[in-house]
Amino acid sequence: HGGGFLLDGGVYYWYGSARNGMSPPCCLDRGVNLYTSTDLYSWTHRGLVLHAFNSSTDNGLSLERPKVIRCTGTGQYVMWVRGSALASQLLAVATSDAPTGPFRFVGDQTDPFRTVARGPNFRAGYQYGDATLFQDPRTGRAYVYWRTRWHQTGFRGMELTEDCTR
């Protein structure tokens, strides 16, 4: 669900919500699954690279739309993922030394979820929905683009820090 792709070293990495076999499939998952391919036709399931958990805000129950880049500034693989609950859609960032994980949340390991930027929305920031990451191959600069959810405030984008985590 909501997969993100990364091409690194001739291998395609496909990250997505692990919802297979869940009931109901829309609301809870086990985390983020990874599949790999060298031809975009045959895929191998590599397992969970980031586990879902119950956070104090319940945003860790469903990890959606994971996007991964290899950060030029650090060489690390950085995942931006949405955590969804009933009312909020917040952001968590995780890093790994390898595209196959495991990924570890940045910041508070018991509740890494936060708003993306200051603004007039729910929980004092823009809610994080339907996002993607882009890294300019010429400059190495990385960007995040996302749809805000609360009060219909539209589409946002911003340049990431050198370590690609903020």
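Before reading further, recall that the structure is shown in the block above.
Model, not experiment: these values are computed from the prediction.

Visitor: Go over empty space enclosed by the protein with me, naming the residues and quoting the values.
Guide: A complete count under the given rule lists one cavity of 30 Å³ or more for this structure. In this structure, the largest cavity occupies an estimated 30 Å³ of space. Together, Glu 64, Arg 65, Val 81, Arg 82, Tyr 128, Gly 129, Asp 130 and Ala 131 line the largest cavity. Residue assignment for the lining of the largest cavity shows that the elements contributing at least two residues are strand S5 (63–70), strand S6 (77–84) and strand S9 (129–135). In terms of residue count, S9 provides more of the lining of the largest cavity than any other element does, three residues in total. Across the lining of the largest cavity, the residue classes tally to three nonpolar, one polar and four charged.

Visitor: Can you break down the packing of aromatic side chains residue by residue, with the values?
Guide: The geometry of two aromatic rings is summed up by the distance between their centres and the angle between their planes. As enumerated under the stated definition, the model contains eight aromatic pairs in all. On the basis of an interplanar angle of 25° and a centroid distance of 5.2 Å, the ring pair of Phe 5 and Trp 14 is categorised as stacked. Through a chain of ring-to-ring contacts, the aromatic side chains of Phe 5, Trp 14, Tyr 35 and Trp 43 assemble into a single cluster.

Visitor: Explain the nonpolar core residue by residue, including any values.
Guide: Counting 18 residues, the largest nonpolar core has Tyr 15, Val 32, Leu 50, Met 79 and Phe 103 as its most contacted members. For this core, the secondary-structure elements that each account for two or more residues are strand S2 (11–17), strand S3 (31–37), strand S4 (44–51), S5, S6 and strand S7 (89–96). Those residues in contact with Leu 50 that sit more than four places away from it in its chain are Arg 30, Gly 31, Val 32, Leu 63, Met 79, Val 81, Ala 94, Phe 103 and Phe 105. In this structure, Trp 80, Ala 131, Ala 142 and Trp 146 belong to the second largest nonpolar core, which totals 15 residues.

Visitor: Quick rundown of the sheet that holds S3? Include the residues and the values.
Guide: Ordered in space as S1-S2-S3-S4, the four strands form an open sheet in which the pairing is antiparallel. The two strands at the open ends of the sheet, each matched to only one other strand, are strand S1 (4–8) and S4. Looking at each pair of strands side by side, their axes are set apart by 25° on average, direction ignored. Pairing of S1 with S2, which is carried by five bridges, proceeds in the antiparallel orientation.

What counts and what doesn't
- Residues numbered from 1 in each chain as written.
- Predicted model: local features only at pLDDT ≥ 70, side-chain atom pairs only at ≥ 80, totals over all residues.
- Heavy atoms only, no water.
- 1 Å grid on protein atoms, 1.4 Å probe; cavity = no way out; pocket = protein on both sides within 12 Å on 5 of 7 lines; lining within 4 Å.
- Points joined across faces, edges and corners; volume = space filled by probe spheres on them.
- Helix = DSSP H or I, 4+ residues; strand = E, 2+ residues; numbered from the N terminus.
- Nonpolar A, V, L, I, M, F, W, Y, C, P; charged D, E, K, R; others polar.
- Phe/Tyr/Trp six-rings, centres within 6.5 Å; stacked < 30°, edge-to-face > 60°.
- Core = buried A, V, L, I, M, F, W, Y, C linked by side-chain atoms within 4.5 Å.
- Buried < 20%, exposed > 50% of the residue type's maximum accessible area, 1.4 Å probe, protein only.
- Contact = heavy atoms within 4.5 Å.
- Pairing = 2+ DSSP bridges.
- Axes fitted to C-alpha atoms, helices over the stretch in contact; angles between N-to-C directions.

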